[in-house]
Structures are given as C-alpha cells and as structure tokens.
Amino acid sequence: MIYIMKKIFIHLLLLSGAVCSSKITHAQKDTSLYRPDTVLVNMPAQWTLEACIDYAKKKNISIATLRLSERSAQEDLLQSRAAVLPNLTGTVTQGLVNSNNANPVVGGFQTQASLSGNYGVNSSITLYNGGYLKNDIRSKQLSLQSANLNVKETENDLTLSITQAFFNILLAQDNVTSLQSVLTTTQVQLKQGQQKFDAGALAKKDLLQLQSQVAADQYNLVNAENAFRLNTATLKQILLLPTAYDLKISAPDSIPVIQAQANLAEAQSEAQQTRPEVKNGEILIQRAQVEVEKSQAAVKPTLSLGAGLASGYSDNQGFGYFSQLNNNFYQTLGLTLGIPIYTRRVNKTNINKTKILLEQQKLSLVNTKTVLNQQVEQAYINLQNAQAQYNAADTQMRTTSEVYRITNEQLALGAVTTLEVLQEKNLYVQALQNFIQAKYNAALYNKIYEFYMGIPVTF
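In this report, the structure presented in the accompanying data block is examined.

Parameters at a glance
Residues numbered from 1 in each chain as written. Predicted model: local features only at pLDDT ≥ 70, side-chain atom pairs only at ≥ 80, totals over all residues. Heavy atoms only, no water. Helix = DSSP H or I, 4+ residues; strand = E, 2+ residues; numbered from the N terminus. Buried < 20%, exposed > 50% of the residue type's maximum accessible area, 1.4 Å probe, protein only. Contact = heavy atoms within 4.5 Å. Areas by Shrake-Rupley, 256 points an atom, 1.4 Å probe, with all protein chains shown as cover. Core = buried A, V, L, I, M, F, W, Y, C linked by side-chain atoms within 4.5 Å. Salt bridge = Lys/Arg side-chain N within 4 Å of Asp/Glu carboxyl O. Patch = residues over 30% accessible without salt bridge, like charges linked within 9 Å, V, L, I, M, F, W, Y side chains within 5 Å.

### Considerations on the overall build of the protein chain
No. 1: If you tally the helices and strands in the protein chain, you get 10 helices and 4 strands.
No. 2: Helices and strands appear in the protein chain in the N-to-C order α-α-α-β-β-α-α-α-α-β-α-β-α-α.
No. 3: When each of the 459 residues of the protein chain is scored for burial, the buried share is 35%.
No. 4: Long-range contacts, defined as pairs at least 24 residues apart, comprise 82% of the intrachain contacts of the protein chain with a sequence gap of at least 6.
No. 5: As displayed, the protein chain offers around 26,600 Å² of accessible surface, 55% of which is attributable to carbon and sulfur atoms.

### Comments concerning the nonpolar core
No. 1: One finds Trp 47, Ile 162, Leu 235 and Leu 239 to be the most contacted residues of the largest nonpolar core, which totals 71 residues.
No. 2: Of all the secondary-structure elements, those providing two or more residues to this core are helix H2 (49-59), helix H4 (132-198), helix H5 (204-239), helix H6 (264-274), helix H7 (276-297), helix H9 (346-413) and helix H10 (418-452).
No. 3: Once you skip the residues sitting within four places of it in the chain, Leu 239 turns out to touch Trp 47, Cys 52, Tyr 55, Ala 56 and Ile 162.
No. 4: Of all hydrophobic cores here, the second largest spans 5 residues; its members include Ala 73, Leu 77, Leu 144 and Ala 147.

### Here we look at unusual backbone geometry
No. 1: A positive phi angle, close to 55°, is found at Arg 344, a residue other than glycine.
No. 2: With respect to the helices and strands, Arg 344 occurs in the loop between strand S4 (330-338) and H9.

### Regarding the pattern of salt bridges
No. 1: If you walk through the whole model with that rule in mind, you get 13 salt bridges.
No. 2: One salt bridge connects Lys 294 with Glu 291, and the closest N-O pair in it is separated by 3.4 Å. Here Lys 294 and its partner Glu 291 are both found in helix H7, 3 residues apart, which amounts to about one turn of the helix. For the pair formed by Lys 294 and Glu 291, the shared burial category is buried.
No. 3: Between Arg 405 and Glu 409 there is a salt bridge; the shortest N-O distance is 2.6 Å. Residue Arg 405 and its partner Glu 409 are located together in helix H9, separated by 4 residues, close to a single helical turn.
No. 4: The class for Arg 405 is partly exposed, based on a relative accessible area of 39%.

### Notes on a nonpolar patch on the surface
No. 1: Where nonpolar side chains cluster on the molecular surface, the patch consists of Leu 337, Ile 339, Ile 341 and Tyr 342 and spans about 560 Å² of accessible area.
No. 2: Position of Tyr 342 relative to the elements: it lies in the loop between S4 and H9.
No. 3: For Tyr 342, a relative accessible area of 69% translates into the label exposed.

### Describing the environment of Ser 178
No. 1: Relative to the assigned elements, Ser 178 resides in helix H4.
No. 2: With 258 residues separating them along the chain, Ser 178 and Ile 436 place their C-alpha atoms 9.2 Å apart.
No. 3: Those residues in contact with Ser 178, other than ones at most four positions away along the chain, are Leu 432 and Ile 436.

### Overview of the side chain of Gln 213
No. 1: Looking at the element boundaries, Gln 213 is found in helix H5.
No. 2: Among all residues touching Gln 213, those that are not within four sequence positions of it are Thr 186, Leu 422, Lys 425 and Asn 426.

Geometric descriptors of this kind do not, in isolation, establish any biological role.
Next comes the structure, spelled out in structure tokens:
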C-alpha cells in the first residue's frame, strides 16, 4: 500500500513540474516591451503613407497599451491551463520547546529545552468541479482573442486618421504649388503693366489693380503655406514625432481618383465579414456564454484528490536523527468532496448576472453591426458626392483655364481691359482650387471606402 501511495505522489510531483516548465518556457519566448524612450534612428528622408501607418502601429501609445493588455490576457490563459494540474507545497518547521519536566532522580521539576523538526510535502488535484476549469480555459482563450482584436480595431482607427492627415498635406502642398505659379504669373503681369505705365500705355487705375491682385495672390499663398504647416504638425502629432523633427512626405506619382467600386450592399457585406469590431462582438458573446456555464458550475459538487508525505524528529527521543525521520515517515492519500448546500443566493445571483451580460453582449453586437453599416453607407455617399464634384470641377477648371488663356491673348492685342483679365484670372484660380480640393477628396473617400471592405490603404 505504501508503494502505491508513493507512486501516485511521484506522478503528481511530475505533473506539477511540467506546468512550472511550461510557464518558464513561455516567459522566455516574449520579453519585448514597448519602449517610449526609443531614440529616433534610421528615419526615412521622406515618408510615404505606408511608412507613416507602419511607424504609427509600432510607436502609438494606445496600441502599445493594448498589446500589454494582450500579453496580460496570455498570462491569464496560462494560469487557467495550469489550474487543472496538481499543486505542490513543501513545509519545514523547526522548533525549540522549553518546559518544566519531572526529575525522576532527585524529584521535583527541572527546566528542559528540546529541539524538534517537522517536514512535509503536499499536493492536490481537482478531479471534478462541474466543468469550471475547462470553461475557464475557454473563457481566457476568448479573452485573448478579444484583446488581439482590440489592437486591430485601434490600428484601423489610427490608419484612417493618418490617411486623412496625409491627404490633407498633399492637398495643401498642391495648393501651395498652384498658388505659387499663379503669383508668378501675376507678378509678370504687374511687371509688364509697370513698363506700359512708364511708357504711358497703361492707366494708373489698371496698374493699381495689378498691384492689388499681386497682394491678394500673396495673401492666398500665405494661407496655403499656413495650412500646409498645420496639417504637417497634425500628422507629426499622430505619429508622436518630436516637435523639432522635420517631417517631409513623399507624394505618389499618381493618385487614382475615379475607380470602379463595389456597390453599397457588397461593401456592407464585406465589412461585416472582415472588420475586427464585428468579430470582437461575436467573440464577446461566446465568452459571455462560457461565463454562464462557469457560474452554473458553482452549484455542482467538487471532487479533489490530495496526497502528502511527512516526517519529523525531536532531540528528547532516544533515537538518532535519521532513524527518527525513517520511523516517523508517513503518507496520506484522500479524496475530498465538496457539496454546496446554501450560499445565501451568491451562486444564483452570479448565474443571473452572467445571463444579463450575455444579453448585453448580443445587443452590443447588433449595435456594432448597425453602426458599421451606417459608416459604410456614409463612406459610399461621400465617395459618390466627391466623384461627382470632381467631374464638375474638372470641367469647370478646363473651361475657365481656356477662357483665361484667350483673355490673356486678347489683352496683348488690346482687345480687353486689365480688369476683365483679372476677373477671368480670379475665376480660374477659384476653379483651380475647387479642382484640387475635389481631386483629393475623391481620392481620400475612395481609400476610406476600400478600407471598410478590408483593402489596405496604399498608393
């Protein structure tokens, strides 16, 4: 019988060692942590949209925090898996006892000190608990998946913010280039007008109109440069780049504006199947269902197996140290059955609350899907409107550009006045800015619409 008990205890000991080894191995696999003090090295000379998105995913503080939460969920999963294995506890007790004992030789009492020691090793394992441990592992697995999807949700939000900021910079940059060209043309006209005025071929009023137009074009250029700086600062802040860092973006060779796109129903269906917020909602429902099963396990009996080895010695015995350890060595093996009888409604309350949580998660998923459909629909409407505006702006820009060109030729022939030329020029500048705005709006909403369907944002 002693041999059988020792064999069972050894098996329990080996299983306990296995879980310790598993924890150590996993801890050695992932030791990387987000370092907010990382020095900026090997930064690109010019940032593409893809480079901005990749950098932000690595350095964003919110994403880094969620990744740490994901690692914490991984640790919870490891702990829940280890809970099905036996534990192992060792105890060592050394004691000194001072007492009055009867003296058999001279009579009376004498003070005597004795040294004693007790040593033991105990282990236990849960054999049945109504499926609690099994469901706890499933719950932790789902929590880990949810933590991973939380990271992806935040990455998606960050991607949209960076994309919009990047397009705003491209728009402002194109505006600056266009207005610089316009200003150069106006300055040339002013120079020619000054020469004509000096020669007596241009009235003072026309010369003042040209000077006023140059000042207006300079004002528009300053506003465009201010917008470029502000949009650049916005992107730097999203990327968490230092204030003194000189961020330069790399404009793509071409920007697709009008593209064939999936219809709204197809886009919404694709979004429902690919977006992480929907998957996360479905996983949270599964986790809530598992939590209901976990709470129901509390009303069921539990059965556990325990085993122990122990021995001890005392220096007031007539045997030696090792002889006492051998003589006092004993083994224990037993089963413990726990039956919940009355818990003052604790278990019932927990069961009802987990059922309520399940219904809340179901409603949350319905809301998530509804909001996502609305977002895709809004992106679709924005895209349709932006493409229509682009087509109209393109036609307007081409016609006003041609009219402005003809008017300039007529001015050289003296067929029109300076005021007429400036009026046509202002119409051309307005049409040009409308065209640039519509161009980048159409391209941006095209990217956003594709992104909702699971297509990465790239040029």
